[in-house]
Amino acid sequence: MLAASDEARRLEALRQLALLDTPPNDEFDRITLLAARCFAVPIAMISLIDAERQWVKSRHGLDLTEMPRATSFCDHAIRGDESLVVSDAREDPRFRDHPLVTGAPHLRFYAGAPLITRDRYAIGALCILDSKPRTFTAAERHSLEILAAQVMQLIELRHSSGRLHPTSLLPNAAQFCEDLADLTRRQRGQSRLFVMLDIADPDHLPTYLTMLGPRWERDLPTAMIRGIRAAFGEGFPIYHPLSLRFGFLLDPSATPGWQEKLDQMAVHLRRPISETLPLALYPSIGVVPFRLGDFMDKALLQRGVLAAHEARAVGRVLTTARGQSAADDWHDAHMLLGELRRALDAPDQLTLAFQPRLDFRSGLCRAVEALIRWNHPTLGPVSPGEFIPLVENTALMTDLTFWVMDAAMHAIAEFHQKGQPLRVSINVSAGDLQNSDIVGRITTLLRRYRLPAEAIELEFTESSLLPNRTIVHQQLRAIRELGVEIAIDDFGTGYSNLAYLKSMPASVVKLDQSFIRVLATSARDRAIVKAAILMAHELGYRVVAEGVETAEICAMVAGWSCDEGQGYHIGRPMAAEALALWLADHALPAVAVSLP
Ligand code: C2E
Ligand code: MG
Ligand code: MG
C-alpha cells in the first residue's frame, strides 16, 4: 500500500490530467485494439485508478466502465515499478475469488503495465486479459510496457495541449483555473494579487498587427514576458489566458515593493518590441487584490479583464492627478466600484439631484435633469464625474441606470400627482442600449408610477451613439415609439456631425457647457453656438444650452432662439424637496429672464 501522502499526491497527479470520466476517444481505442491484436488476447483496457474505483478510459472486448478499486487487478499493477503478470488467476489466491474469474468472462490471464507520469506517479495501467491461462515472455512484457509508455505520452500530450496557449506555449485559462484551485486548497484565505495585462489599446492594435505582420503572434507575447520578467524575475508562471491578455499571481507579502515593480514593469513594457522596429506596447495593467477562496473558476480572470479595462480608463481620466502611483489608482478604481455595488443596495448612499431647465419662450420650467449623487459613509461625497467613467462599460452601469430611472420616475410621479407635469431627463450610457431590456424596463416603470411616456426623456452622449449603430438605432427607435423623448447630451464634444445624428431618432440637442460658459469672452464660441442653434433648428431639434452660469449668457442664448437653458444661473441641481420649493418660488410667470 502506498503511504497516505504519496497516495494523495498520486491522486492529485491523476486529477490534474483531467481524464477521469471523459468520453471515449479514438486514439486510446486504437491502442487497446492494437494491444489485443499484438498479444492475441480477447480483452485489452486502459484503466485509471481513482481513490475508490478503477475507471476504464478505453476498452476492447469487455464492456466494463468501472469497478470498485478493491476488486481491481490494475490496482495491484500500479503498486510495483514493473508490470504485473498473473498467468492463471485461478491459481492466485489474490484473484481466485474475483467475480470476473468465478463468473463471466471467467478470466484466467492478466498482464498490466503501469501508466507512469513524468513525476513517477502510477495513475493506472494498460492491461490485457484472457479467459485462458498463459505464459508471458520477458519480450512480451517489455512490449506491453512500451505500449503503456505510449499511452502515457498520449495522455500527457493531450493534457498539455489543452493547457497551453497555442502561440505562446504559456499556460492558458484552463491551467490558470486549475492552479488557482490548487492554491486555494492549500492556502485558503491568504492574500494575493492578480495582475492582468491587456496588450494594447484596441485603437492601436491594427497598427501593431500591420507593422509586425505575421510576426505578431510570436513577438507580442515575447515582449510581454520580457517586460514582466524584467521587473519581477523568474520563478512564477505567466499565464496567457486570453488572446491578447496575460496575467500572473503575486503574493504581496513575499514581494516587497510590488507597487514599484509594477511601475517598473510598465516602463519595461513600453520599450520597443524589437531593436529593428521602433514600436512600443502600451498595455493596460489591472490589479485585483483578493483572498484565496474569493473567486472560483474563471471569475478572477473576468475581474482581471475588467481591472485592465478600467486601468485604461483610469489612466486617461485620473492619470497622476492625485500624485498616486498608477497601482494606487487601479486599486482605488477597484475599491470604488466595489463600494458602488454595495451603495446600490444601501438605503441612503445614493440620491438624485434635479436641475431645472428653463423654457425661454414661456418662462416655465418644464423639465429637470436627474443627476446622481453618492454620499459614501467614509469617503464622503463622490462626484459622478469620478465614478461614472469607471462604471461605464461594466455590468454595474446598467444596474445604476435602472436605479436612477426608478428613483427619478418615483420622484417625478409625486410632482405629477400635485399637478406639476414635469418631465425628467435621465442620463443613459452606451452599454445600457446594447445589453439590456431598456424598453421593457421603461414600460414597467411608467406603468408602476402611472406616468405618461412624455414624462421622461433619455440623454445620450454623442459618443455613446456611435458604436454598434444598428443595435443603438433599433433600441432608440423602440424607445421613441413608446413616446419617450431622446436628447443628445454634451453636443459638440464628440466627432459626429449633425447630419449623422439626424439619422438618430432624437428630438433634443443639449449644447455642451464648454461652449456656453465662455460665451461672454469668446467670439469664436459665440459664432459656433449661434450656428449650432440655427442648424439644429433647421433639422428639427429643440435646443438646450447647458452651463448657463450668468444672466448675460442666459440672455445671449435666449436671444439666439435657443429653446431652453440649464445652469447655475437658473438653478443648481437640488433634492426633490428643494425642487418643490424652487418651483413654488419661481411660480409662473415669475421666472425672471431678461430677454434682450
Ligand atoms: P451632464 O449630463 O452633462 O450633466 C450636467 C453636469 O453639469 C452636472 O454635473 C451639473 O451639475 C453640471 N452643471 C449644471 N449646470 C452647470 C453650470 O452652470 N456650470 C457648471 N460648471 N456645471 C454645471 P454632475 O452632476 O457633476 O454630473 C457630471 C456628469 O456625470 C453628467 O454630465 C453626466 O454625464 C454624468 N452623470 C450624472 N448623473 C448621472 C446618471 O445618473 N447617470 C449617468 N449615466 N451619468 C450621470
Ligand atoms: Mg446629462
Ligand atoms: Mg451634459
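These numbers come from a predicted model, not from an experiment. Residue indices follow the written sequence of each chain, beginning from 1 at its first position. Labels are handed out in written order, letters beginning with A for the chains and numbers beginning with 1 for the ligands. Predicted model: local features are reported for residues with pLDDT of at least 70 only, side-chain atom pairs are reported and counted for 80 or more only, and whole-chain, interface and lining totals are derived from all residues. Computation of side-chain values: all heavy atoms of the structure, hydrogens and water removed.

## Comments concerning the packing of aromatic side chains
And then number 1: Stacked, edge-to-face and tilted are the three classes for Phe, Tyr and Trp ring pairs, Trp counted by its six-membered ring, which pair at centre distances within 6.5 Å; planes under 30 degrees apart are stacked, over 60 edge-to-face, the rest tilted. Applying the stated criterion across every chain, the model contains 9 aromatic pairs.
And then number 2: Seen from their ring centres, phenylalanine 73 and phenylalanine 95 are 4.3 Å apart, and the 5 degrees between their planes marks the pair as stacked. Here phenylalanine 73, found in helix H3 (residues 73-77), pairs with phenylalanine 95, found in the loop between strand S4 (84-86) and helix H4 (99-102); they are 22 residues apart in sequence, far enough to count as distant. We note that phenylalanine 73, like phenylalanine 95, is buried.
And then number 3: Look at phenylalanine 236 and phenylalanine 248: their rings are 5.3 Å apart centre to centre, the planes differ by 40 degrees, and that puts the pair in the tilted class. One end of the pair, phenylalanine 236, is in the loop between helix H8 (216-232) and strand S8 (239-242); the other, phenylalanine 248, is in strand S9 (residues 245-250), with 12 residues separating them in the sequence. Helix and strand assignments follow DSSP, with helices taken as H or I runs no shorter than four residues and strands as E runs no shorter than two, numbered in order from the N terminus. Relative accessibility under 20% of the residue-type maximum defines a buried residue, over 50% an exposed one, and the middle range a partly exposed one, all with a 1.4 Å probe and only protein chains included.

## Comments concerning helix H22 (residues 576-585)
And then number 1: Buried within H22 are the following residues: Ala576, Leu579, Trp582 and Leu583. One side of H22 holds all its buried residues, which, seen down the axis, span an arc of 105 degrees. Summarising the geometry of H22, the exposed residues directed more than 90 degrees from the buried face are Glu577, Leu581, Ala584 and Asp585.
And then number 2: In this structure, the buried residues of H22 make contact with strand S13 (350-359), strand S14 (364-376) and helix H13 (395-417). In this description, the arc belongs to the directions extending from the helix axis to the C-beta atoms. Contacts are assigned to residue pairs that have any heavy atoms within 4.5 Å of one another.

## Considering the sheet that holds strand S6 (residues 122-130)
And then number 1: As summarised here, the arrangement of the 6 strands in space is S3-S2-S1-S6-S5-S4, forming an open sheet in which the pairing is antiparallel. The outermost strands of the open sheet, each flanked by one partner alone, are strand S3 (66-68) and S4. Strand-to-strand twist in this sheet, taken as the mean axis angle between neighbours without regard to direction, amounts to 25 degrees.
And then number 2: Fitting a line to C-alpha atoms yields each axis, with helices limited to the stretch in contact; the angle taken between N-to-C directions then spans 0 to 180 degrees. Contacts from helix H2 (residues 26-38) reach strand S1 (43-49), strand S2 (53-60) and S6 within the one sheet, and its direction differs from that of S2 by about 75 degrees. We call two strands paired when DSSP finds no fewer than two bridges between them.

## Description of the nonpolar core
And then number 1: Counting residues in hydrophobic clusters, the biggest one holds 86 residues, and the most contacted among them are Phe387, Ile438, Ile442, Leu458 and Ile479.
And then number 2: A per-element tally of this core places H13 first, with 12 residues.
And then number 3: Apart from the residues lying within four places of it in its own chain, the contact partners of phenylalanine 387 are Leu336, Leu340, Ile372, Trp374, Val382 and Leu400.
And then number 4: Core analysis: the next-biggest nonpolar cluster, separate from the first, contains 31 residues, Leu193, Phe232, Leu250 and Ile285 among them. Throughout, nonpolar core names a set of buried Ala, Val, Leu, Ile, Met, Phe, Trp, Tyr and Cys residues whose side chains join them through atoms within 4.5 Å.

## Comments concerning the domain arrangement of the chain
And then number 1: Domain annotation for the chain reports domain 1 (4-160), domain 2 (173-320) and domain 3 (332-585).
And then number 2: Computed from C-alpha atoms alone, the centre-to-centre distance between domain 1 and domain 2 is 43 Å. Per the annotation, domain bounds derive from an automatic or database assignment of domains.

## A closer look at the coordination of the magnesium ion (ligand 2)
And then number 1: Sites may look incomplete because water is not among the atoms; the donors themselves are N, O and S atoms within 2.8 Å of the metal, or within 3.2 Å for Na, K and Ca. Ligation of the magnesium ion (ligand 2) by protein atoms is provided by Glu369 (OE), Asn427 (OD1), Glu459 (OE) and Asp489 (OD), these donors lying 2.1 to 2.3 Å from the ion.
And then number 2: Sequence positions of the residues that donate to the magnesium ion (ligand 2) give the spacing E-x57-N-x31-E-x29-D.
And then number 3: Taken as an interatomic distance, the gap from the magnesium ion (ligand 2) to the magnesium ion (ligand 3) is 3.8 Å; aspartate 489 donates to each of them. On the criterion of sequence distance, the pair formed by asparagine 427 in strand S16 (residues 423-427) and aspartate 489 in strand S18 (residues 485-491) is long-range, its members being 62 residues apart.

## Some thoughts on the site of ligand 1
And then number 1: Around ligand 1 sit 23 residues in total, of which Arg373, Asp489, Gln513, Glu549 and Tyr568 are the nearest.
And then number 2: Between ligand 1 and the protein, one listed contact pairs an oxygen atom with a side-chain N or O atom of glutamate 369 at 2.9 Å.
And then number 3: Relative to its unbound accessible surface of 790 Å², ligand 1 loses 84% to contact with the protein.
And then number 4: Of all the elements in the fold, those that place two or more residues in the shell around ligand 1 are S14, helix H12 (384-391), H13 and S18.
And then number 5: At 4 residues, the largest contribution of residues to the shell around ligand 1 is made by S14. Here a residue counts as near a molecule or strand whenever at least one of its heavy atoms sits within 4 Å of it. Here a polar contact means two N or O atoms within 3.5 Å. Within protein one must be a hydrogen donor candidate and the other an acceptor candidate, and residues neighboring in sequence count only if both atoms are side-chain atoms. To measure how exposed things are, a 1.4 Å probe is used in the Shrake-Rupley method; for residues, cover is taken only from the protein chains shown.

## Quick word on the environment of serine 47
And then number 1: As for its position among the elements, serine 47 is in strand S1.
And then number 2: For the pair serine 47 and glycine 419, spaced 372 residues apart in sequence, the C-alpha to C-alpha distance is 80 Å.
And then number 3: Discounting chain neighbours no more than four positions away, the residues touching serine 47 are Gln54, Trp55, Val56, Lys57, Cys74, Leu115, Gly124 and Ala125.
And then number 4: Among the polar contacts made by the side chain of serine 47, one reaches the side chain of glutamine 54 at a distance of 3.2 Å.

## Here we look at the coordination of the magnesium ion (ligand 3)
And then number 1: Only Asp489 (OD), Asp490 (OD), Glu546 (OE) and Glu546 (OE) from the protein coordinate the magnesium ion (ligand 3), and they sit 2.0 to 2.5 Å from it.
And then number 2: The sequence pattern describing where the donors of the magnesium ion (ligand 3) fall on their chain is D-D-x55-E.

## Concerning the sheet that holds S9
And then number 1: Pairing is antiparallel in the open sheet, where 4 strands are placed in the order S8-S9-S7-S12. Among the strands making up the open sheet, the edge pair consists of S8 and strand S12 (284-291). Neighbour-to-neighbour, the strand axes of the sheet open up by a mean angle of 30 degrees, direction not taken into account.
And then number 2: Relative to S9, S8 is paired through 2 bridges, and the arrangement is antiparallel. Within the sheet, the bridge partner assigned to tyrosine 239 lies in S9 and is glycine 247.
And then number 3: Contacting strand S7 (191-198), S8, S9 and S12, helix H6 (residues 173-187) crosses the sheet at an angle of about 120 degrees to S8.
And then number 4: Strands in contact with helix H9 (residues 258-269) are S7, S9 and S12; relative to S12, the strand with the most contacts, it is inclined by about 155 degrees.

## Section: the packing of H12 against H13
And then number 1: Where H12 meets H13, the axes come as close as 8 Å, and the angle between the chain directions of the two elements is 125 degrees. Classified by the angle between their axes, H12 and H13 sit oblique to one another. Mapping the contact onto sequence places Phe387, Ile388 and Val391 in H12 and Leu396, Met397 and Leu400 in H13.
And then number 2: Looking at the contact of H12 with H13, its residues break down into 6 nonpolar, no polar and no charged. With respect to orientation, any angle under 35 degrees is reported as roughly parallel, any angle over 145 as roughly antiparallel, any angle of 65 to 115 as roughly perpendicular, and every other angle as oblique. For this classification, the nonpolar set comprises Ala, Val, Leu, Ile, Met, Phe, Trp, Tyr, Cys and Pro, the charged set comprises Asp, Glu, Lys and Arg, and every other residue, Gly included, is treated as polar.

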